[in-house]
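Residue-level listing of the chains:
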Amino acid sequence: MFLEQDIQQGYVPFPESRAKQYRAEGCWKSNTHFQMLADSVSRFGDCIAAIQDQKQLTYKQLYDYAIRYGAYLKHKGIRETDFVLLQSPNVIEVFIVIFGLYAIGARPVFCLHGHGAYEIENIARQSRAVGFIKLCGTANEITAVDVCEEFSVPNFQLWFRETILSQETIAGSLPQLKHLNLDTNIQALSSSEDIAFLQLSGGTTGLPKLIPRTHADYIYSIEKSVEVAGLNPQTKQLVVLPVMHNFCMSSPGFLGVFYAGGTVVLSQLTQPRVCFELIQKYKIEQVSLVPAIATLWLNAESLKDYDLSSLKVIQVGGAKLLPSLAEQIIDQFQVKLQQVYGMAEGLVNFTHLDDTNAVTIQTQGKKLSHLDEIRITDHHGQALPINAIGHIQTRGPYTINGYYNLHEINRRSFTDDGFYKTGDIGYLDDDLNIVVTGREKEQINRSGEKVTPSEIEEFILQYPTVKDVCVIGVSDEHLGERIKAIIIPKHEDHEISLKNIRKFLTGKNIAHFKIPDEIDVVADFKYTHVGKVNRQKLG
Ligand code: OOB
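Residues numbered from 1 in each chain as written. Predicted model: local features only at pLDDT ≥ 70, side-chain atom pairs only at ≥ 80, totals over all residues. Heavy atoms only, no water.

- The name an unreviewed UniProt entry assigns to the chain is 2,3-dihydroxybenzoate-AMP ligase, from the organism Acinetobacter baylyi.
- Here is the UniProt Sequence similarities (unreviewed entry) comment for the chain, exactly as written: "Belongs to the ATP-dependent AMP-binding enzyme family." (UniProt positions renumbered as here; feature names shortened; annotations may be inferred.)

Here it is as structure tokens:
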């Protein structure tokens, strides 16, 4: 019912012919995220939905608190269909806020915890959001909120800075929940085919692009992920990746657990000891990791000090998992490994729990839905046969048809017949398992966080004594790739240090995960025979 308004703002809907098929085949249902929670409450009301430190929520409590928080936001001026930026560490209150927004039909824009004021301002501008909810880990944390209050983004004027202290009770950290006198009769009118939220693409164009996902398409991907990951009401999942990331939100993620009636345990840290302690204490069965965290855990001395025998499935995705690492995960943790190749734009692939080890180790598995269309093409967009390596393109019941409010970029990122050009290179094997072999576009994958070199280069060029710079990813045992800036100073006497560059970039309020891990000061770059900087020879 709000579709018309969104289309005017730059939303590209599913073509009606495909939408009809997705409805007819039962992929898209009529429920919204809030109704999905209500459904879980009716089946699992008194079961524990989430735990973090001393705090926990039953399904019923999560639902009641969400309604109260939603009523509070409404009272403060947030209206149905408003976009609201949300940034949070992995704290339990974030679930109340997300479902509070859904309760009143407002739409979260999921910012990563690492995003700085620079990214936040741009996301606010592009989404035309009305406000920003920031959950802070400490009372005196200086955050994007403090810096952003000077923004001059039209409509953007509602600031909610909630200090979340782990030792407090939930009602202590979100005192608004005590306001019982608010009108909690806040039925939202949104329909399942409306945009539910905006997620951010790591992207190759610098600033994050907005990804509009509908309730129907996203819930379908959750349902299918729950099936393929084997979640059930007994499932105990550890969430260690940032909660706002698509992987741990829905593939199957915490929403998968809420759908299945299980329990989510949140960790704010990725450190092995902290996570192993939680796995042992709560008898965790399932966890989703990026390869960099899997490596960290495997190499931890403390691995032998804990009983991790409850772990049944470790999912690894977000970046290429090397077969040798895949083998170690299976051997050392004695678990089923499930590779997940997905993207916030939609398409997700999983290896199956009954696949042979060879398939699990060597491939990124099969598409989630029989209606996902994946094609591998050559440079001209011509489809290639099975086993041929090429560009991975996709369309389907839960893959977007365009970024929000970005017409120019959409022309480049989508084909005329509606396929999303993932930018990934790979092939489909004889059994239709996908194998990702690389990327066509420049992008650094630092521990699953996607970083665009040109964006960082532009910032470093503003440093007074830098003449030229080239930012590359170099392979790193722990991070997958780390960020290296190769810098030519304006004058050979100019001293440029990593510390000063990092300080300078921090002052620009950009996300901390984009700040170079190392620099190299050189007299000149190496060039290809056509005169382009040869990035491969720089590392
Ligand atoms: C996930 O989502 P995004 O949007 O942060 O990043 C998507 C990109 C893919 O296009 C690909 O380049 C890379 O991340 N990627 C992988 C991979 N999984 C993602 N590359 C190689 N092997 C894999 N298994 O990262 C994401 C979203 C949902 C589920 C899982 C990951």
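1. A look at the packing of helix 4 (residues 59-75) against helix 5 (residues 93-103)
- The N-to-C vectors of helix 4 and helix 5 enclose an angle of 60°; their axes lie 7 Å apart at closest approach. Note on packing geometry: the crossing formed by helix 4 with helix 5 is right-handed. On helix 5, the residues touching L62, Y65, A66, Y69, G70 and L73 of helix 4 are F95, I96, V97, F99, G100, L101 and A103.
- A per-class count over the contact of helix 4 with helix 5 returns eleven nonpolar, two polar and no charged. (Axes fitted to C-alpha atoms, helices over the stretch in contact; angles between N-to-C directions. Helix = DSSP H or I, 4+ residues; strand = E, 2+ residues; numbered from the N terminus. Left-handed = near helix turned anticlockwise from the far one by under 90°. Contact = heavy atoms within 4.5 Å. Nonpolar A, V, L, I, M, F, W, Y, C, P; charged D, E, K, R; others polar.)

2. Let's talk about the pairing of strand 19 (residues 434-439)
- The pairing of strand 18 (residues 420-428) with strand 19 spans five bridges and is antiparallel. Across the sheet, D424 pairs through a bridge with R439, a residue of strand 19.
- Linking strand 18 to strand 19, which pair antiparallel, is a turn of five residues; within it L432 sits at a positive phi near 70°. (Pairing = 2+ DSSP bridges.)

3. What to know about the side chain of S221
- Structurally, S221 can be placed in helix 9 (residues 215-229).
- With relative accessibility at 2%, the residue S221 sits in the buried group.
- Setting aside its immediate chain neighbours within four residues, S221 contacts R213, S250, L368 and Y398. (Buried < 20%, exposed > 50% of the residue type's maximum accessible area, 1.4 Å probe, protein only.)

4. With respect to the packing of aromatic side chains
- Taken as a whole, this structure holds 25 aromatic pairs when the rule is applied.
- Note on F95 and F254: the rings are 4.8 Å apart at their centroids and 50° apart in plane angle, and the pair reads as tilted. With a gap of 159 residues between them, F95 in helix 5 and F254 in helix 11 (residues 253-260) connect regions that are remote in the sequence. Like F254, F95 is buried.
- Through a chain of ring-to-ring contacts, the aromatic side chains of F44, Y59, F95, F99, Y102, F254 and F258 assemble into a single cluster.
- A cation over an aromatic ring shows up here: K209 above the ring of Y403, its NZ or CZ 5.0 Å from the ring centre.
- The side chain of R375 reaches across the aromatic face of F419, ending 3.7 Å from its centre. (Phe/Tyr/Trp six-rings, centres within 6.5 Å; stacked < 30°, edge-to-face > 60°. Lys NZ or Arg CZ within 6 Å of the ring centre and 35° of its normal.)

5. Describing the sheet that holds strand 10 (residues 263-266)
- An order of 2-1-10-9-11-12-13-14-15 is seen for the nine strands of this open sheet, with the pairing classed as mixed. At either margin of the open sheet sits one strand with a lone partner, and together these are strand 2 (55-58) and strand 15 (366-367).
- The pairing of strand 9 (residues 236-239) with strand 10 spans four bridges and is parallel. Residue pairing across strands places L238 opposite V265, the latter belonging to strand 10.
- Across the face of the sheet, helix 12 (residues 272-282) comes into contact with strand 1 (48-52), strand 9 and strand 10 while running at roughly 165° to strand 9.

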